[in-house]
Amino acid sequence: MNIIKLDATASTNTYLREMLTTCDLENFTVVVAENQFAGKGQRGSNWVSEAGSNLTFSVLLKSVPVSIQRVFDLNVMVALAVVRTLKKMYNLPFFIKWPNDILSYTKKICGILIENIIKQQGEVFSIVGIGINVNQKNFSSMSKASSLSIMLEKQLDKEELLHALLQELAKGYQQLAEGQAALMWQEYKTFLFRKDSVSAFELPQGSRFNGIIRDVTPYGKLVVEMEDSSNAVFDLKEVKLLY
C-alpha cells in the first residue's frame, strides 16, 4: 500500500485523479492531506475541513464493480468500512444517512465521495474520498456537523484511525471480490438512518412531504413509503431528508 502524505492540497480526490493521468499507480494508493482547502462533497457541495484537525484522504481502488450497473456496491462497502471502524474504536452510535454520509446521533461525522473512471478496456478505477471530522472544535457555520473529539470529549489519534480504516477497506474490498455484496447490503441497511421511521422530505422545488424510508435499490436509489402507502423511488438529487 503506497501512502502519499501532503501538507495541503485543494482536494485529495482531484490530486489522485491527476496522478492517474501521468502515473501507473498501484492499487490501494492513498493520498492523505493535513489541509484540504477545496474538498468536494455530494451534490456538488464543498467539504469544509479545519486544517490539521481532521482526516481527509482518498484511496484508489481498481476493478471492484462486477458491472457498471452495480457500482453502488462499492458505496455500500466503503460506508460499511467506515462505520465498522468507528464502532470498533469509539463508544458512540453511528448511522449511514443515504447514500453514504456517516452520522453519530444526528450529527454528520464523515462524508464520502466516490468518483468512477471507466477505462476503454472496461476496467473501472474508483477514487474513494473520505473526510472524517476528528479533532475539529468549531462548526459554527455547519449546525448539522460535529466531530469525534467533541462527542468523546478528548483528542484523538488521526494516524491510528487512518490505518484502522485502511485495514477495514482492504477487508471490504476482498469481500466484494469474493462475491459477498448481498451480505454487505444487508448490513448496510441495518445502519440506515431513519429507516422504518416517519420522516420529513423535501423535493428540489421546495415542497415537503412525510414518508418512511423502506429500502435502497441495487442502483443506490432510495425507496420511500408515501402517505398513501405507495412506494416512491428517488435518485440522489431528487429528494432531501430533513432531520
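Structural notes, computed from the coordinates. Starting from 1, residues in each chain are numbered consecutively following that chain's sequence as written. Given that this is a predicted model, residues contribute local features only at a pLDDT of at least 70 and side-chain atom pairs are listed and counted only at 80 or more, while totals for whole chains, interfaces and linings are drawn from all residues. Values shown for side chains rest on all heavy atoms present in the structure; no hydrogens or waters enter the calculation.

### Things to note about the overall build of the protein
Part 1 of the reasoning: Put simply, DSSP H or I for four residues or longer makes a helix, DSSP E for two residues or longer makes a strand, and each gets a number counted from the N terminus. Broken down by element type, the protein carries five helices and 14 strands.
Part 2 of the reasoning: For a compact globule of 243 residues, the expected C-alpha radius of gyration is about 18 Å, and the protein comes in at 18 Å, within 12% of that figure.
Part 3 of the reasoning: Structurally, the protein occupies a C-alpha span of about 55 × 45 × 35 Å along its principal axes.
Part 4 of the reasoning: Only protein chains enter the accessibility calculation, which uses a 1.4 Å probe. A residue is then buried if its area is under 20% of the maximum for its type, exposed if over 50%, and partly exposed in between. Considering the protein as a whole, with its 243 residues, one finds that 52% of them fall into the buried category.
Part 5 of the reasoning: Across the protein, the fraction of contacts at a sequence separation of at least 24, relative to all contacts at a separation of at least 6, is 63%. Within these notes, the globule rule equals 2.2 Å times the number of residues to the 0.38 power, and the radius of gyration is based on C-alpha atoms. In this analysis, two residues are considered to be in contact whenever any of their non-hydrogen atoms come within 4.5 Å of each other.

### Overview of empty space enclosed by the protein
Part 1 of the reasoning: As defined here, a cavity is a set of points on a 1 Å grid over the protein atoms alone where a 1.4 Å probe fits but cannot get out. A pocket is an open set with protein on both sides within 12 Å along at least five of seven lines, and residues line them when an atom is within 4 Å of a point. Grid points are joined across faces, edges and corners, and a volume is the space filled by probe spheres set on the points. Summed over all chains, the structure comprises two cavities of 30 Å³ or more.
Part 2 of the reasoning: In terms of lining residues, the second largest cavity is bounded by ten residues, among which Lys97, Trp98, Ile213, Leu222 and Leu241 are the most central.
Part 3 of the reasoning: Residue polarity follows a fixed list, in which Ala, Val, Leu, Ile, Met, Phe, Trp, Tyr, Cys and Pro are nonpolar, Asp, Glu, Lys and Arg are charged, and the others, Gly among them, are polar. Residues of the lining of the second largest cavity, tallied by class, amount to seven nonpolar, no polar and three charged.

### Concerning the packing of aromatic side chains
Part 1 of the reasoning: Only Phe, Tyr and Trp rings are paired, with Trp represented by its six-membered ring, and only when their centres lie within 6.5 Å; those with planes under 30 degrees apart are stacked, over 60 edge-to-face, the remainder tilted. Using the criterion set out here, one finds eight aromatic pairs in the structure.
Part 2 of the reasoning: When the centroid spacing of 5.3 Å and the interplanar angle of 75° are considered together, the rings of Phe193 and Tyr243 count as edge-to-face. Here Phe193 is found in the loop between helix 5 (181-190) and strand 10 (198-202), whereas its partner Tyr243 is found in the segment after strand 14 (240-242), with 50 residues between them in sequence.
Part 3 of the reasoning: The structure contains a cluster of three or more aromatic residues connected by ring pairs, namely Phe72, Trp185 and Tyr188.
Part 4 of the reasoning: In our convention, an over-ring charge means Lys NZ or Arg CZ found within 6 Å of a ring centre and within 35 degrees of that ring's normal. Sitting over the ring of Tyr243, Lys144 keeps its end group 4.5 Å from the ring centre.

### Some thoughts on the sheet that holds strand 9 (residues 124-132)
Part 1 of the reasoning: Two strands pair under a simple rule: DSSP has to find at least two bridges between them. As summarised here, the arrangement of the seven strands in space is 1-2-5-9-8-7-6, forming an open sheet in which the pairing is mixed. Each edge of the open sheet is held by one strand with a lone partner, namely strand 1 (3-9) and strand 6 (94-97). With strand direction ignored, the average angle separating the axes of adjacent strands in the sheet is 20°.
Part 2 of the reasoning: One ladder, built from nine bridges, connects strand 8 (residues 107-118) with strand 9; its direction is antiparallel. Residue pairing across strands places Asn116 opposite Ser126, the latter belonging to strand 9.
Part 3 of the reasoning: A fitted line through C-alpha atoms represents every axis, and for helices the fit uses only the stretch in contact; the resulting angles, taken between N-to-C directions, go from 0 to 180 degrees. Strands in contact with helix 4 (residues 158-177) are strand 1, strand 2 (30-36), strand 5 (55-62) and strand 9; relative to strand 5, the strand with the most contacts, it is inclined by about 20°.

### Topic: the nonpolar core
Part 1 of the reasoning: Among buried residues, those of type Ala, Val, Leu, Ile, Met, Phe, Trp, Tyr and Cys that are joined through side-chain atoms within 4.5 Å constitute a nonpolar core. The biggest cluster of nonpolar side chains holds 59 residues, and the ones touching the most others in it are Phe57, Ile102, Ile130, Ile132, Leu148, Leu169 and Tyr188.
Part 2 of the reasoning: Broken down by element, the residue count for this core peaks at eleven residues, all from helix 2 (residues 72-89).
Part 3 of the reasoning: Those residues in contact with Phe57 that sit more than four places away from it in its chain are Thr12, Val30, Val31, Val32, Val128, Gly129, Ile130, Leu162, Leu165, Leu166 and Leu169.

### So, helix 2
Part 1 of the reasoning: Given a helix with a known number of residues, its expected span is that number minus one, times 1.5 Å. Compared with the 26 Å implied by 1.5 Å per residue over 18 residues, the 26 Å span of helix 2 between its first and last C-alpha is a close match.
Part 2 of the reasoning: Counting buried positions along helix 2 yields 15 of 18 residues, so the element is predominantly enclosed.

### Description of unusual backbone geometry
Part 1 of the reasoning: Here the amide bond leading from Trp98 into Pro99 is cis, since omega sits at 0°, within 30 degrees of zero.
Part 2 of the reasoning: Checked against the element boundaries, Pro99 lands in the loop between strand 6 and strand 7 (101-104).
Part 3 of the reasoning: The phi torsion at Tyr105 lies on the positive side, around 55°, for a residue other than glycine.
Part 4 of the reasoning: By the element assignment, Tyr105 lies in the loop between strand 7 and strand 8.
Part 5 of the reasoning: For Tyr105, a relative accessible area of 47% puts it in the partly exposed group.
Part 6 of the reasoning: For Asp196, which is not glycine, the phi dihedral falls at a positive 65°.
Part 7 of the reasoning: For Asp196, the position within the fold is in the loop between helix 5 and strand 10.

### Points about the packing of helix 2 against helix 4
Part 1 of the reasoning: Running from N to C, helix 2 and helix 4 cross one another at 140°; their axes reach a closest spacing of 9 Å. Comparing the axis directions of helix 2 and helix 4 gives the class oblique. Classified by chirality, the crossing of helix 4 by helix 2 is right-handed. Each of Asp73, Leu74, Met77, Val78, Ala81, Val82, Arg84, Thr85, Leu86, Lys88 and Met89 in helix 2 lies in contact with helix 4, whose residues at this interface are Glu160, Leu161, Ala164, Leu165, Glu168, Leu169, Lys171, Gly172, Tyr173, Gln175 and Leu176.
Part 2 of the reasoning: Broken down by class, the residue content of the contact of helix 2 with helix 4 amounts to 13 nonpolar, three polar and six charged. Roughly parallel means an angle under 35 degrees; roughly antiparallel, over 145; roughly perpendicular, 65 to 115; everything else is oblique. Crossing handedness follows the turn of the near helix against the far one: under a right angle anticlockwise gives a left-handed crossing, and clockwise gives a right-handed one.

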